[in-house]
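Chain residues, written in single-letter form:
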Amino acid sequence: MPELPEAETVAHQLREKVRGAVILNSWIGRDDIVREGLSSLAWYRGARLVTASRLGKSVVLHAEKDSETRFLIFELGMTGLLFFEAPDSTYLKHIHVALTLSGSVPSLYYWNPRRFGRVYLLDQTGLERFAARRFGHDPLEVTWTEFRDLVGSRRGRLKALLMHQQVIAGIGNIYANEILYRSRLHPDRIAGKLPTRTVRRLFDTMRAVLNEAIIDGGSSVRDFLAPDGTRGEYRKRHLVYNKAGLPCPVCGHTIRRLMAERSSFVCLSCQPPGKRLRRSGAGANGEKTPSREKNLP
Ligand SMILES: [Zn+2]
């Protein structure tokens, strides 16, 4: 579940705590966790960590040695976390990578209870290829003009677009729901049919929600913890995510849960479906079937 704000929180803590540390040793629990670059593992011993950054929902450590820079990319995926120390013994079981470091933080652990946790060890060219292949525009760096053109050119459903990592990288189900609600847009609206002023509202809201969430250290839903073991507080500010059955904070109508590829939480009064959807009940332009409303028990 970590999304952009959570990955940014992880990268921020790594920059604060491990910048300047030297990798004294590395341990990989299972070779298949390293999806690319396992043969370069020995290079990292003795390398200095110079900074950390975020790519979509992944976290990148930058290591330097002999005037060369290489990267360790940790995919957070649905459940991946990085820790300065294991919060308690139950976490030890699913630690796949451990880096022993010099300096004030003795170790860095990559934890993922699912087998498909992924780590990549890449050089500069490898990183560029990796980023180009997997990540679209960053929602906090994309310009208004780029965003307007991008949304205007897509014929698919708005929520699917926001979550399409090769188009816009970093937004998952939680933030897509919050952004759409605050933009007063139904998830099944067709991206390319929105008026420019509405796209502008979406653009501004997207940036505001993500920036607020970063300030709050992300959202601890299920098991997100920052590397220092603290929880993200943005969950307290969620307005619709996981709030089916509760009243809309704006108009009081009941928040509904729609089932599509992932759960959508909407207030149908604040986020009315588009005209075509209302009339026909079917997706426009041959897109995927729109969300079916699911009544709560
Ligand atoms: Zn409402």
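Some remarks on the overall build of the protein
Move 1: Along its length, the protein carries seven helices and twelve strands.
Move 2: Since a compact globule built from 297 residues should have a radius of gyration of about 19 Å, the 21 Å found for the protein is in line with a globular shape.
Move 3: Summarising its shape, the C-alpha atoms of the protein cover approximately 65 × 40 × 30 Å along the three principal directions.
Move 4: When burial is assessed residue by residue, the protein has 39% of its 297 residues classed as buried.
Move 5: Sequence separation of at least 24 residues holds for 65% of the intrachain contacts in the protein that already meet a minimum separation of 6.

A short note on the environment of Q13
Move 1: Following the sequence through the fold, Q13 ends up in helix α1 (residues 4-18).
Move 2: Along the sequence, Q13 and F84 sit 71 residues apart, while their C-alpha atoms lie 9.7 Å from each other.
Move 3: Excluding residues that lie within four positions of it along the chain, Q13 makes contacts with A226, P227 and D228.

Topic: the domain arrangement of the protein
Move 1: What the domain assignment lists for the protein is domain 1 (4-134) and domain 2 (144-294).
Move 2: Just the C-alpha atoms count here: the centres of domain 1 and domain 2 sit 30 Å apart.
Move 3: Contact residues are listed per partner, giving 17 residues for domain 1 and 22 residues for domain 2.
Move 4: Residues of the side of domain 1 that touches domain 2, tallied by class, amount to nine nonpolar, four polar and four charged.

Considerations on the sheet that holds strand β7 (residues 95-101)
Move 1: On the basis of which strands lie adjacent, the open sheet formed by four strands has the order β1-β7-β8-β6 and antiparallel pairing. Each edge of the sheet is formed by a strand with only one pairing partner; in this case those strands are β1 (23-28) and β6 (81-83). On average, each strand axis in the sheet is tilted by 15° relative to the strand beside it, whichever way the strands run.
Move 2: As paired strands, β1 and β7 are joined by five bridges and run antiparallel to one another. Counted as the bridge partner of I23 is L101 from β7.

Quick look at the nonpolar core
Move 1: Counting 75 residues, the largest nonpolar core has V59, L61, L72, F74, L82, L162 and Y175 as the members making the most contacts within it.
Move 2: The dominant element in this core, judged by the number of residues it contributes, is helix α6 (residues 196-215), at eight residues.
Move 3: Domain assignment of the residues forming this core places at least three in each of domain 1 (4-134) and domain 2 (144-294).
Move 4: Aside from chain neighbours lying at most four places away, what touches L162 is I168, I171, A176 and I179.

Concerning the environment of Y175
Move 1: Its location among the elements puts Y175 in helix α5 (residues 173-182).
Move 2: Sequence separation of Y175 and E3 is 172 residues, and the distance between their C-alpha atoms is 7.8 Å.
Move 3: Among residues more than four places away in sequence, those in contact with Y175 are E3, L4, V209, L210 and A213.

So, the sheet that holds strand β4 (residues 58-65)
Move 1: In space, the five strands of this open sheet follow the order β2-β9-β5-β4-β3, with mixed pairing throughout. The open sheet terminates on both sides in strands that have one partner only, identified here as β2 (34-36) and β3 (48-55). Sheet twist, expressed as the mean angle between neighbouring strand axes with direction ignored, is 25°.
Move 2: With two bridges joining them, β2 and strand β9 (residues 118-123) adopt parallel strand pairing. If you follow V34 over to β9, its bridge partner there is V119.
Move 3: Those strands touched by α1 are β3 and β4, and its axis lies near 165° from that of β3.

Regarding unusual backbone geometry
Apart from glycine, the bulk of residues carry a negative phi angle, and the bulk of peptide bonds sit in the trans form.
Move 1: In this structure, R184 is a non-glycine residue whose phi angle is positive, near 60°.
Move 2: Turning to its location among the elements, R184 is positioned in the loop between α5 and α6.
Move 3: Residue R184 is classed as partly exposed on the basis of its C-beta count, with 16 C-beta atoms lying within 10 Å.
Move 4: Positive phi, close to 65°, is recorded for N242, a residue that is not glycine.

Some thoughts on the pairing of β4
Move 1: As defined by bridge partners, β3 adjoins β4 across seven bridges and the pair is classed as antiparallel. Considered in β4, the bridge of L49 is made with A63.
Move 2: Connecting β3 to the next strand, β4, in antiparallel fashion are two residues, including G56 with a positive phi near 55°.
Move 3: As paired strands, β4 and strand β5 (residues 68-75) are joined by eight bridges and run antiparallel to one another.

Points about the pairing of β7
Along a regular strand, successive side chains alternate from one face of the sheet to the other.
Move 1: Alignment of β7 against strand β8 (residues 107-111), held across five bridges, turns out to be antiparallel. Of the residues in β8, the one forming a bridge with V97 is Y110.
Move 2: What sits between the antiparallel neighbours β7 and β8 is a turn of five residues, in which G103 has the positive phi angle 95°.

Cut-offs used in this document
Once a new chain begins, its residue numbering starts again from 1 and follows that chain's sequence as written. With the structure being a predicted model, the display of local features is reserved for residues of pLDDT at least 70 and the display and counting of side-chain atom pairs for 80 or more, all residues being used for whole-chain, interface and lining totals. The helix and strand labels rest on DSSP assignments: H or I over at least four residues marks a helix, E over at least two residues marks a strand, and numbering proceeds from the N terminus. For the radius of gyration, the atom set is restricted to C-alpha positions; the globular benchmark scales as 2.2 Å times the number of residues to the power 0.38. Exposure criterion: with C-beta atoms placed from backbone coordinates, a residue whose C-beta has 20 or more other C-beta atoms within 10 Å is buried, one with 12 or fewer is exposed, and one in between is partly exposed. By the criterion used throughout, residues are in contact when their C-beta atoms, derived from the backbone, lie within 7 Å. An automatic or database domain assignment provides the domain bounds reported here. Throughout this entry, Asp, Glu, Lys and Arg are counted as charged residues, while Ala, Val, Leu, Ile, Met, Phe, Trp, Tyr, Cys and Pro are counted as nonpolar. The remaining residues, Gly among them, count as polar. Paired strands, as defined in this entry, are two strands with at least two bridges between them according to DSSP. In this analysis, axes come from line fits to C-alpha atoms, helices being fitted only over the stretch in contact, and the angle between any two N-to-C directions falls in the range 0 to 180 degrees. Only buried Ala, Val, Leu, Ile, Met, Phe, Trp, Tyr and Cys residues enter a nonpolar core, and they are joined through C-beta atoms within 7 Å.

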